Amino acid sequence: MRILITHIQELLQVRPKGTLKIAGSAMKKLPSIKNAWLLINQDKIEDFGSMETMPEIDEIEYDKEIDATGQIVLPSWVDSHTHLIYAGNREQEFVDRINGLTYEEIAEKGGGILNSAKKLQETSEETLYNESLKRLEEVIKLGTGAIEIKSGYGLTTEAELKMLRVAKRLKEKHPIEIKTTFLGAHAVPPKFKNDRTGYISHIIEEMLPKIAEENLADYIDIFCEKGYFSLEDTERILEAGKKYGLKGKIHVNQFNAIGGIKTAVEHQSLSVDHLEVLEKEDIEALKNSDTMPVALPSCSLFLGIPYTPAREIIDNNLPLALATDYNPGSTPSGNMNLVVSLACIKMNMTPEEAINAATINAAYALELSETHGSITKGKIANLIITKQIPSYGFLPYAFGSNNIDQVILGGKTIF
Ligand SMILES: N=CN[C@@H](CCC(=O)O)C(=O)O
Ligand SMILES: [Zn+2]
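Residues numbered from 1 in each chain as written. Chains lettered and ligands numbered in written order. Predicted model: local features only at pLDDT ≥ 70, side-chain atom pairs only at ≥ 80, totals over all residues.

Per an unreviewed UniProt entry, the protein goes by the name Imidazolonepropionase and belongs to Mesonia maritima.

A.B. asks: Account for the overall build of the protein, with residues named and values stated.
C.D. replies: In terms of regular secondary structure, the protein is built from 15 helices and 16 strands. Relative to the globule expectation of 22 Å for 415 residues, the C-alpha radius of gyration of the protein, 21 Å, shows essentially globular dimensions. C-alpha atoms of the protein, sized along the principal axes, occupy 70 × 45 × 45 Å. The buried share among the 415 residues of the protein stands at 52%. Across the protein, contacts joining residues at least 24 apart in sequence account for 72% of those joining residues at least 6 apart. (Helix = DSSP H or I, 4+ residues; strand = E, 2+ residues; numbered from the N terminus. Rg over C-alpha atoms; globule rule 2.2 N^0.38 Å. Buried ≥ 20, exposed ≤ 12 C-beta atoms within 10 Å, placed from the backbone. Contact = placed C-beta atoms within 7 Å.)

A.B. asks: I'd like a description of the domain arrangement of the protein, backed by residues and values.
C.D. replies: Taken as a whole, the protein is organised into domain 1 (2-75 + 374-413) and domain 2 (78-364). If you average the C-alpha positions of domain 1 and of domain 2, the two centres end up 30 Å apart. Counting from both sides, the interface comprises 28 residues of domain 1 and, opposite them, 29 residues of domain 2. Only β5 (71-75), α15 (394-397) and β15 (404-409) provide two or more residues apiece to the side of domain 1 that touches domain 2. Sort the elements by how many residues they give to the side of domain 1 that touches domain 2 and β15 lands first, with three residues. By residue class, the composition of the side of domain 1 that touches domain 2 is 16 nonpolar, seven polar and five charged. (Domains from an automatic or database assignment. Nonpolar A, V, L, I, M, F, W, Y, C, P; charged D, E, K, R; others polar.)

A.B. asks: Which residues make up the UniProt feature "domain: Amidohydrolase-related" (unreviewed entry) in the protein, and what values do they have?
C.D. replies: Those places that UniProt annotates as "domain: Amidohydrolase-related" (unreviewed entry) correspond, in this numbering, to residues 72-413. Annotation note: span residues 72-413, helix share 42%, strand share 17%, distance between end C-alpha atoms 16 Å. (UniProt positions renumbered as here; feature names shortened; annotations may be inferred.)

A.B. asks: I'd love a proper account of the UniProt feature "binding site: 4-imidazolone-5-propanoate" (unreviewed entry) in the protein, names of residues and values included.
C.D. replies: Cross-referencing UniProt, the feature "binding site: 4-imidazolone-5-propanoate" (unreviewed entry) maps to Arg90, Tyr153, His186, Gln254 and Ser330 in the present numbering. In contact with Tyr153, not counting residues within four places along its chain, are His83, Tyr86, Ile113, Ser116, Ala117, Leu120 and Met163. Considering the arrangement of structural elements, one finds Ser330 in the loop between β13 (321-322) and α12 (336-347). Leaving out residues up to four positions away in the same chain, Ser330 has contacts with Tyr103, Cys299, Phe302, Leu303 and Asp325.

A.B. asks: Lay out the packing of helix α4 (residues 125-141) against helix α5 (residues 157-173) with the relevant residues and their values.
C.D. replies: Running from N to C, α4 and α5 cross one another at 50 degrees; their axes reach a closest spacing of 10 Å. If you check the angle between α4 and α5, you find them oblique. Crossing hand, α4 versus α5: right-handed. Across the interface between the two elements, Glu125, Leu128, Tyr129, Ser132, Leu133 and Leu136 of α4 pack against Lys162, Arg165, Val166, Arg169 and Leu170 of α5. When grouped by side-chain class, the residues that make up the contact of α4 with α5 number six nonpolar, one polar and four charged. (Axes fitted to C-alpha atoms, helices over the stretch in contact; angles between N-to-C directions. Parallel < 35°, antiparallel > 145°, perpendicular 65-115°, else oblique. Left-handed = near helix turned anticlockwise from the far one by under 90°.)

A.B. asks: Lay out the environment of Ala285 in plain terms, naming residues and giving numbers.
C.D. replies: As for its placement among the helices and strands, Ala285 is situated in helix α9 (residues 280-286). Ala285 sits in the buried class, given 20 other C-beta atoms within 10 Å. In this structure, the C-alpha to C-alpha distance between Ala285 and Lys262, residues 23 residues apart in sequence, is 5.2 Å. Ignoring anything within four residues of it in the chain, the contact list for Ala285 reads Ile261, Lys262 and Val265.

A.B. asks: Break down the packing of α12 against helix α13 (residues 351-358) for me, citing the residues and quoting the values.
C.D. replies: With their axes 9 Å apart at the nearest point, α12 and α13 run at an angle of 140 degrees to one another. The angle between the axes of α12 and α13 places the two elements in the oblique class. Regarding α12 and α13, the two cross each other, and that crossing is right-handed. Mapping the contact onto sequence places Met336, Val339, Val340, Ala343 and Cys344 in α12 and Pro351, Ala354, Ile355, Ala357 and Ala358 in α13. Within the contact of α12 with α13, the residues separate by chemical class into ten nonpolar, no polar and no charged.

A.B. asks: Just give me the short version of the site of ligand 1, but keep the residues and values in it.
C.D. replies: Neighbouring ligand 1 are Gly112, Ile113, Ser116, Phe223, His251, Gln254, Cys299, Asp325, Asn327, Pro328, Gly329 and Ser330. Sort the elements by how many residues they give to the shell around ligand 1 and helix α3 (residues 112-121) lands first, with three residues. (Near = placed C-beta within 6 Å.)

A.B. asks: Account for the nonpolar core, with residues named and values stated.
C.D. replies: Counting residues in hydrophobic clusters, the biggest one holds 125 residues, and the most contacted among them are Leu38, Val73, Ala321, Leu322, Ala343 and Ala358. Per-element accounting of this core gives the leading share, seven residues, to α12. Counting the residues that make up this core, at least three belong to each of domain 1 (2-75 + 374-413) and domain 2 (78-364). Ignoring sequence-local partners within four residues, the contact set of Val73 consists of Ile5, Ile8, Leu11, Leu12, Leu38, Ala68, Leu383 and Ile385. (Core = buried A, V, L, I, M, F, W, Y, C linked by C-beta atoms within 7 Å.)

A.B. asks: Could you give me a rundown of the environment of Val95, with the residues and numbers involved?
C.D. replies: Following the sequence through the fold, Val95 ends up in helix α1 (residues 91-98). Sequence separation between Val95 and Gly378 is 283 residues; the distance between their C-alpha atoms is 48 Å.

A.B. asks: If you had to explain α13 to someone new, which residues and values would you point to?
C.D. replies: Judged by how many residues are buried, α13 sits mostly within the fold: eight of eight residues are covered. Buried within α13 we find Pro351, Glu352, Glu353, Ala354, Ile355, Asn356, Ala357 and Ala358.

A.B. asks: Tell me about unusual backbone geometry, residues and numbers included.
C.D. replies: The general pattern is negative phi for most residues beyond glycine and trans for most peptide bonds. A positive phi angle is found at His7, which is not glycine, with a value near 55 degrees. Within the secondary structure layout, His7 lies in strand β1 (residues 2-12). Among the residues examined, His7 registers 16 C-beta atoms within 10 Å and is labelled partly exposed. Within the chain, Asn253 stands out as a residue other than glycine whose phi angle is a positive 60 degrees. Positionally, Asn253 belongs in the loop between β10 (247-252) and α8 (260-266). Overall, Asn253 belongs to the buried group, with 25 C-beta atoms counted inside 10 Å.

So this is what it looks like as structure tokens:
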């Protein structure tokens, strides 16, 4: 199938092959072509350019034409941090927080991650698959074209495997690119209540070999945070992951800065995610590294915690990616459009910076920027076609509105 899109008001994020991430002041630029056309061949972007230089229409071979007059076309969002596979919901904890309990207090009472783990352990693989599939289909309609999904609500070998097998089934059944991350070290389960290091050993000796044997994970994660897992635990997990070829993508600096960013960088982690609390040393550790900082603003919105200091990160010449953190406890939303809006409204990022962070830099955080995250010849044809809007700045500005008209995934119109 060859789809020709013509009269595009503006084609965004046009990059030469080989652009893998954008850092610092370069994030303020969003290369584009006004009044453009684009040709999709099978699942790839074959060609594009300005309407003025488009070959004669009868010289182009195509099966379907989309007239995008007044509409903007951009690469699909890449969501590099989600916990999309979960059982049940936690709206009671949401109400508890409204009534004055903190996220930490709820967790201390056995709520939080342990609450989700209990629900997940009691849920069949089939139900888990069906619930997760609905969420995946929802986010695809919201413009997400590649996604990471973590385990971490199992906390037993059996339940962690169940989560990752569900992710594998989603991968096989769906056209969307899915990367999976093993997050056994998300919380200490009741069985290991007074033996956190014993649980880490259990993860390394019991869970990890089975996950690797079934080839269920691309990356490894740990919740490096006071009251959860220490720096030493983080080093052990990252080292163990390396032995199976799993790079780190870690939860760090959500509530406290305990040095996890430096440790992650020293272990060549692919990304460090959350960063609501950031010290000078953390910024220094990220300089000259290949580790992508990832901000999760809808988590800050939902929990009422600080937003990741994007300006400090970008103004220190670092790159930044944006993701949703979709999960039942801290972010029950997988909407990347909202994330892009929040980045502008609450983190002082310009629309250009936010779109770079949610496309090419997010693709880097999943090692997908050779194939995703920009309009480049030969890349996967994952596209958002907006409704008729005045300019791309309208996307973050009109927060809460759905400005998407069509989604194309792997060269196919999804809706
Ligand atoms: N902080 C750790 N993990 C998740 C939330 C987990 C939960 O509350 O269920 C997060 O990224 O916010
Ligand atoms: Zn998370």
